[in-house]
Amino acid sequence: MQREKRVLIQGVTAGSLAQEAGIEKQDVLISINGKPVADILDYRFLICDEEISIVIEKPCGEEWEIELYKDADEDIGLEFDKPLMDVPRTCRNKCIFCFMDQLPPGMRNTLRFKDDDYRLSFLEGNYVTLTNIGQDDLERIIRYRLSPVNISVHTTNGRLREKMLNNPHAGKINGYLRRLHDAGLDINCQIVLCKGINDGAELERTIDDLSQLHPSVKSISVVPVGLTKYREGLYPLEGFDRESSMEVINQVKRIQGGLKKRLGTNLVYIADEFYINACVDIPGYKHYEEFYQLENGVGMTALFTHQFNNYLKRLKFSLNEKRTVSVVTGKAPSRYMQSMVDRLTGMYRDLEVYLYPIENCFFGTGVTVTGLVTGRDIIEQVKGRNLGCELLIPNVMLKSDQDIFLDDVTLEQLCSELGTAVKRVENNGREFIKAVLGIDNQGIHYCVKRRSEVEQARGCYSRET
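Rules used throughout
- By convention here, each chain's residues receive numbers from 1 onward along its written sequence.
- Totals for whole chains, interfaces and linings use every residue, but because this is a predicted model, local features are given only for residues with pLDDT of at least 70 and side-chain atom pairs only at 80 or more, for both listing and counting.
- Computation of side-chain values: all heavy atoms of the structure, hydrogens and water removed.
- By the criteria applied, helices consist of DSSP H or I runs no shorter than four residues and strands consist of E runs no shorter than two, each listed in order from the N terminus.
- By definition, residues are in contact when any of their heavy atoms lie within 4.5 Å.
- A simple rule labels every residue: compare its accessible area, found with a 1.4 Å probe on the protein chains alone, to the largest value its type can have, and call it buried under 20%, exposed over 50%, or partly exposed in between.
- When DSSP finds two or more bridges between a pair of strands, those strands are recorded as paired.
- With its strands directed away from the observer, a crossover is right-handed exactly when the path from the first strand over the helix to the second travels clockwise.
- Relevant arc is that of directions from the helix axis to the C-beta atoms, nothing else.
- Every axis corresponds to a line fitted to the C-alpha atoms, with the helix fit spanning only the stretch in contact, and the corresponding angles, defined between N-to-C directions, vary from 0 to 180 degrees.

## Focus on the environment of Ala 271
Looking at the element boundaries, Ala 271 is found in the loop between strand S9 (268–270) and helix H10 (272–278). Along the primary structure Ala 271 and Pro 224 are separated by 47 residues, whereas in three dimensions their C-alpha atoms are 7.4 Å apart. Residues contacting Ala 271, with those up to four places away along its chain left out, are Val 222, Val 223, Pro 224, Asn 296, Gly 297 and Val 298.

Structure (structure tokens):
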């Protein structure tokens, strides 16, 4: 039996099949059903059978072969040190628009890591360029049915893609897309639009080429290039202003009309930021159909507004005392957020809400999205202002598994500097209403330990973490 890799077991779930079989932490996984386990995909695929044979090696050197009988979808309970059981594949490109190359100095290393791993695309929804895979990898994607595949296409013009990604392998994209289409896998495509490079006629060509692969291609997103103030020595790029954003909107709207007639779907959607830049209304909820690309900032405002309206229609809640809260947001969605705040304060006379759009000094004022607002910018711009009994922080500003901003400021530090309670709020219209009104007011992450006289007069409550 070929032993390509031996994987250390870092933990065993209590009460699991693995624990009952005598598998323990620090045992080594050698094979499942006679096959070596290279990564988490092999592991997940191989344990799908109802009868599996596992070979492990104990710390003393003994090898055990264990037969397990299970339901097809039942996990056996092994835990590993790395999510992939392997090192993530790094990006081999040097994209002319790469946001990672525009980060300020001193940021933590994890933010500078450029992953381009098709396994993470499947497991976590990341977008990949497919420039670091070979035919074996492509066959593996197809064999394991890793669908949907989220691909950063940018252009279907092979030579232009090689230029944009600075990679001679980037021009193979059309062959990969066709192979995935022929295999019946679902694909979501992303286009980072750069003015004067892949817009205009090139954008039209790319959308047309990708639409020929529908229904495998489920969605195409068009997002504006993100530019920070740290671009010295990088490829000269220009951001989208009001006029150029309007040109993109009109072009894509015309294309959508043709696609709707031909395919029955809009298929291509543009990021909210284009509409905000152009100072025009964002399309309604139904326009985005299945909301395939929320993580790309496509349809987030429409979905948030829809959730807000639906919850508000059904809401039966009385505010029995005066309540004052504050909310921070990025510059881009501030107009929409203000309209929602106004509706709530119009309904509740005892409610006072201060909305503070934060200008992004950390990355540069051209960066206006909420998800890139940093803790230090919040502190510097709202300190000393009326924050009420608690400050609401959108979830997208913070790391998914930690209460920390991109600049390493923590919620605890934010609370301490501002002297008010701070609450992390899910990016959801319903949860926003509940947080503003104090409905089921749980989950305050950090609060001041003492109430000031001003807070006491307002009747606002504080408690320790």
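And the narrative resumes.
## Concerning the pairing of strand S7 (residues 187–193)
The element S7 is largely enclosed, with a buried count of 7 among its 7 residues. Because side chains alternate across S7, one face comprises the buried residues Ile 187, Cys 189, Ile 191 and Leu 193, and the other comprises Asn 188, Gln 190 and Val 192, equally buried. Looking at chain direction, strand S6 (residues 149–152) and S7 are connected through 4 bridges and run parallel. Within S7, the residue paired with Ile 151 across the bridge is Cys 189. With respect to chirality, the unit in which S7 leads through helix H8 (residues 201–211) into the neighbouring parallel strand S8 (residues 217–224) is right-handed.

## Things to note about H8
When we look at burial in H8, the residues that qualify are Leu 203, Thr 206, Ile 207, Leu 210 and Ser 211. The buried residues of H8 occupy an angular sector of 130 degrees when projected down its axis, which confines them to one face.

## Considerations on the sheet that holds strand S5 (residues 78–80)
The sheet built from 5 strands is open, its strands ordered S4-S3-S2-S1-S5 with antiparallel pairing. Pairing within the sheet leaves two strands with one partner each, and these edge strands are strand S4 (63–69) and S5. Each strand of the sheet is rotated relative to its neighbour by a mean of 50 degrees, with strand direction disregarded. Sheet topology places strand S3 (residues 51–57) next to S4; 7 bridges connect them, and they run antiparallel. Residue pairing for S4: Ile 52 is matched across the bridge by Leu 68.

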